[in-house]
Amino acid sequence: MRHRAAVVVSIAVIGALSLTACGSRDEKKSGDSGSAGGATTVTIGVDAPLTGDLSALGLGIRNSVELAVKKANEQNEVPGVKFQIKALDDTAKPAPGQQNATQLVADNNVLGVVGPLNSSVAQSMQQIFNDANLVEISPANTGVALSQGEKWASGDKKRPFKSYFRTSTTDAVQGPFAAQFLVKDAKKTKVFLIDDQKTYGAGLAATFKGEFTKQGGTIVGEEHVNPDDRDFAAIVTKVKASGADAVYYGGEYPAAGPLSLQLKDAGVTIPLMGGDGIQSGDFIKLNPKSQGDFATAVGLPVEQLPTAAKFIADYKAAGYKDAYETYGGYSYDSAWAIIQGVKAVVNGNGGKLPASPRAAVVDAVQKVTFDGVTGKVSFDEFGDTTNKQLTVYTVKDGKWAVEKSGTFSG
């Protein structure tokens with residue numbers, strides 16, 4: 001055992017858990033050099049919905065970040081540095097997310113944030129983090145404008161915020177990938193398009209529509225719902241009369257599950273397809289008639305990746321009662337990217353953190369590259385992941401099963 005001063009790095013995870021370091025009277029804040037008997041505290045924050053309809057996904061994010069922190073500490077990934085998390089609950093809503101961002105920025109110990117889950121929540125946080133030079137890495141955001149600007153669809157791509165990154169690919173890839181699958185593989189050419197009007201759902205539906213019509217498919221009807229809607233009788237009637245052979249839903253599982261169930265109950269036995277927002281075990285719990293429904297998810301199936309075997313085993317051994325869900329591997333990799341960023345800053349500064357390390361960590365994360373749980377982790381000029389692979393899942397025998405994996409060929 002080495003007798004050296006420990007630097008405690010707190011990883012704030014935007015979610016609803018708060019783990020605080022057991023500091024001593026001599027504990028120093030991030031940037032202090034630290035000496036024998038002293039410790040420097042740095043926090044990585046997590047922001048995710050830890051309560052409410054989407055908590056299954058949020059808890060998986062939080063737990064996976066916590067696991068990354070534990071592993072970094074166990075193997076002394078950054079000599080002299082110890083990590084901890086600070087998790088806050090955004091309930092999947094922009095206003096609490098914005099408040100969480102302000103709280104994390106105000107904590108000088110926070111050097112990075114993992115989250116949020118929702119693109120609409122990210123919109124409320126990006127400016128706050130960027131103004132404070134605080135790195136933010138989302139394991140789940142897919143809204144394209146977050147990293148490429150509002151005019152991205154016209155080819156005018158400009159990165160709005162230097163501090164924003166993500167380990168998930170975007171809807172510019174996910175929606176078209178789903179469209180190609182429905183036309184070429186599932187042989188569905190008439191789709192009824194529905195979205196929940198949120199940033200994620202509306203954006204996903206729009207990119208799906210563009211590629212689906214390009215592939216020769218026909219949109220036979222369009223409707224918008226509210227995320228909290230659970231009675232879809234009127235829409236079911238319209239879908240039934242439209243002659244659609246599939247429904248594409250831009251949104252998340254709390255509404256998608258009941259929508260699909262009500263369609264099947266009404267005799268509309270066509271598949272519902274959505275994005276990663278519905279690819280949760282809770283979608284199947286909400287819809288016992290979901291057999292044959294489809295969902296895309298970013299990346300390749302974690303369970304089939306050799307690089308993820310240790311993560312899955314470690315997660316199970318940790319005894320979490322909540323599944324790591326769709327974004328667990330990406331959350332672990334997001335936290336690890338921040339840890340590697342901190343490591344680079346420490347190594348470049350004589351083995352200790354500089355007085356004001358946040359901006360240096362942002363720059364270091366931009367250059368990060370490593371083999372992670374989900375494969376190669378690195379970021380392009382927009383802060384987007386360089387991993388553009390996706391997977392189509394289908395519900396078989398009460399579980400999500402892999403239907404097809406690949407890369408969108410646009």
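Reading the values: the criteria
Residues numbered from 1 in each chain as written. Predicted model: local features only at pLDDT ≥ 70, side-chain atom pairs only at ≥ 80, totals over all residues. Heavy atoms only, no water. Helix = DSSP H or I, 4+ residues; strand = E, 2+ residues; numbered from the N terminus. Rg over C-alpha atoms; globule rule 2.2 N^0.38 Å. Buried < 20%, exposed > 50% of the residue type's maximum accessible area, 1.4 Å probe, protein only. Contact = heavy atoms within 4.5 Å. Areas by Shrake-Rupley, 256 points an atom, 1.4 Å probe, with all protein chains shown as cover. Lys, Arg positive; Asp, Glu negative; His and termini not counted. Charge placed at Lys NZ, Arg CZ, Asp CG, Glu CD. Phe/Tyr/Trp six-rings, centres within 6.5 Å; stacked < 30°, edge-to-face > 60°. Lys NZ or Arg CZ within 6 Å of the ring centre and 35° of its normal. Pairing = 2+ DSSP bridges. Axes fitted to C-alpha atoms, helices over the stretch in contact; angles between N-to-C directions. pLDDT = per-residue confidence, 0-100. Parallel < 35°, antiparallel > 145°, perpendicular 65-115°, else oblique. Nonpolar A, V, L, I, M, F, W, Y, C, P; charged D, E, K, R; others polar. Core = buried A, V, L, I, M, F, W, Y, C linked by side-chain atoms within 4.5 Å. Salt bridge = Lys/Arg side-chain N within 4 Å of Asp/Glu carboxyl O.

This part covers the overall build of the chain. Counting its regular elements, the chain contains 12 helices and 16 strands. In terms of overall dimensions, the chain is globule-like: its C-alpha atoms have a radius of gyration of 21 Å, near the 22 Å expected for 410 residues. Projecting the C-alpha coordinates of the chain onto the three principal axes gives extents of approximately 75 × 45 × 35 Å. Taken over 410 residues, the chain has a buried fraction of 59%. Pairs at least 24 residues apart make up 74% of the contacts formed inside the chain by residues separated by at least 6 positions. For the chain, the accessible area works out to roughly 15900 Å², and carbon and sulfur atoms hold 50% of it. Distance from the positive charge centre (42 side chains) to the negative charge centre (43 side chains) of the chain: 4 Å.

With that out of the way, let us pick up the packing of aromatic side chains. For the structure on display, the rule yields 11 aromatic pairs. Seen from their ring centres, F208 and Y248 are 3.9 Å apart, and the 0° between their planes marks the pair as stacked. With F208 in helix 6 (residues 199–214) and Y248 in strand 10 (residues 246–250), this residue pair connects regions lying 40 residues apart in the sequence. The same class applies to F208 and to Y248, which are both buried. A centroid spacing of 6.0 Å and a plane angle of 10° characterise the contact between Y332 and W336, whose relative ring orientation is stacked. Separated by four residues within a single helix, Y332 and W336 lie in helix 11 (residues 328–347), roughly one turn from each other. Overall, Y332 belongs to the buried group, its relative accessible area being 12%. What links up through ring pairs into an aromatic cluster is the set F311, Y315, Y320, Y324, Y332 and W336. Over the ring of F165 we find R159; its NZ or CZ atom is 4.8 Å from the centre of that ring.

This part is about the sheet that holds strand 15 (residues 389–396). Spatially, seven strands are ordered 9-8-10-11-12-15-16 in an open sheet, and the strand pairing comes out mixed. Where the open sheet ends on each side, the last strands, each with one partner, are strand 9 (218–224) and strand 16 (399–407). Strand after strand, the sheet turns through a mean of 25° between neighbouring axes, direction not considered.

The next thing to look at is the environment of W152. Mapped onto the elements of the fold, W152 is located in the loop between helix 4 (145–148) and strand 7 (164–166). Those residues in contact with W152, other than ones at most four positions away along the chain, are V144, A145, K157, A172 and T207.

All right, on to the confidence of the model for the chain then. Overall, the prediction assigns the chain a mean pLDDT of 90, with 90% of residues at 70 or greater. Throughout residues 1–29 the model reports pLDDT below 50, and contacts reaching past four residues in sequence, or to other chains, amount to 127 contacts. A low-confidence stretch, residues 31–38 stays under pLDDT 50, and its non-local contacts, those more than four residues away or across chains, total 17 contacts.

This part covers the packing of helix 1 (residues 55–74) against helix 10 (residues 309–318). At a minimum axis separation of 11 Å, helix 1 and helix 10 run at an interaxial angle of 100°. Looking at the two axes, helix 1 sits roughly perpendicular to helix 10. Between helix 1 and helix 10, the residues in contact are G60, N63, S64, L67 and K71 and K310, F311, D314, Y315 and A318, respectively. Each residue belonging to the contact of helix 1 with helix 10 can be placed in one class, and the counts come to four nonpolar, three polar and three charged.

Turning our eyes to something else, we now look at the nonpolar core. Counting 81 residues, the largest nonpolar core has F83, Y249, I278 and F283 as its most contacted members. What I278 contacts, discounting residues up to four positions off in sequence, is Y249, G251, E252, Y253, A256, L272, M273, F283, F294, A295 and W400. Membership of the second largest hydrophobic core comes to 23 residues, among which are V191, A205, F212 and L390.

Here T374 lies in the loop between strand 13 (370–372) and strand 14 (375–377). The residues contacting T374, other than those within four sequence positions of it, are L305, T307, G329, Y330, D333 and N387.

Proximity of charged atoms lets side chains of opposite charge pair with each other. Taken as a whole, this structure holds 20 salt bridges when the rule is applied. Residue K310 is joined to D314 by a salt bridge in which the shortest nitrogen-to-oxygen separation is 2.7 Å. Residue K310 and its partner D314 are both found in helix 10; the two are separated by four residues, about one turn of the helix. The closest approach of N and O atoms between E403 and K396, which form a salt bridge, is 3.9 Å. For E403, a relative accessible area of 37% gives the class partly exposed. Linked through salt bridges whose partners overlap, the residues forming this network are K71, E74, K310 and D314.

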